[in-house]
Amino acid sequence: MVKLLLIGALLTPLFLYFLIANIKYSRSEEAKSERGQIILLKSYKHAIGIMPVGWFCLEMFHRYIHTITFDTYRDSIWVLVLLTYIVHGFSLYINRNQPEKESDKLIN
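The structure presented is a predicted model; accordingly, all values stated were derived computationally and were not measured.

A.B. asks: How should the packing of helix α4 (residues 50-65) against helix α5 (residues 70-96) be read in this particular structure?
C.D. replies: Helix packing for two helices is described by the angle between their axes and how far apart those axes are. Running from amino to carboxyl end, α4 crosses α5 at an angle of 155°, the nearest separation of the two axes being 9 Å. If you check the angle between α4 and α5, you find them roughly antiparallel. For the element pair α4 and α5, the recorded crossing hand is right-handed. Here I50, M51, G54, W55, L58 and E59 of α4 come into contact with α5, specifically with Y73, S76, I77, L80, V81, L83, T84 and V87.

A.B. asks: How should the pattern of salt bridges be read in this particular structure?
C.D. replies: Opposite charge on two side chains makes pairing possible when the charged atoms of those side chains draw close. With the rule as written, the count across this model stands at four salt bridges. Notably, a salt bridge pairs E30 with R35, separated by 3.3 Å at the nearest N-O pair. Here E30 falls in the partly exposed class, since its relative accessible area comes to 27%. We note a salt bridge from R63 to E59, for which the minimum N-O separation is 3.3 Å. Here R63 and its partner E59 are both found in helix α4, four residues apart, which amounts to about one turn of the helix. Judged by relative accessible area, E59 falls into the buried class, the value being 19%.

What counts as what
Residues numbered from 1 in each chain as written. Predicted model: local features only at pLDDT ≥ 70, side-chain atom pairs only at ≥ 80, totals over all residues. Heavy atoms only, no water. Axes fitted to C-alpha atoms, helices over the stretch in contact; angles between N-to-C directions. Helix = DSSP H or I, 4+ residues; strand = E, 2+ residues; numbered from the N terminus. Parallel < 35°, antiparallel > 145°, perpendicular 65-115°, else oblique. Left-handed = near helix turned anticlockwise from the far one by under 90°. Contact = heavy atoms within 4.5 Å. Salt bridge = Lys/Arg side-chain N within 4 Å of Asp/Glu carboxyl O. Buried < 20%, exposed > 50% of the residue type's maximum accessible area, 1.4 Å probe, protein only.

Just distances and angles here, no functional claims.
So, in structure tokens, the structure goes:
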């Protein structure tokens, strides 16, 4: 349990940094453009699987390998939430700094 709290404490500054970056970006004019919407969709795509896959793995571990306590379960879910936001923010940062490609344009 102490390990998960330590991991959560180490991930919290990254979480806060990327959360603030995400809020700033989503309120910017760039985010409202077509390219900005594509960037947001790409970053959501990279982060969407972390929470459900992690939760599934945690449940399978709990059911079939070893029973975990509620505190460990709660801390694990918190770490998964932090990781989801960190990956979303990092992906947003990476995609924002890449040049626009012709294949990224939406087809209307």
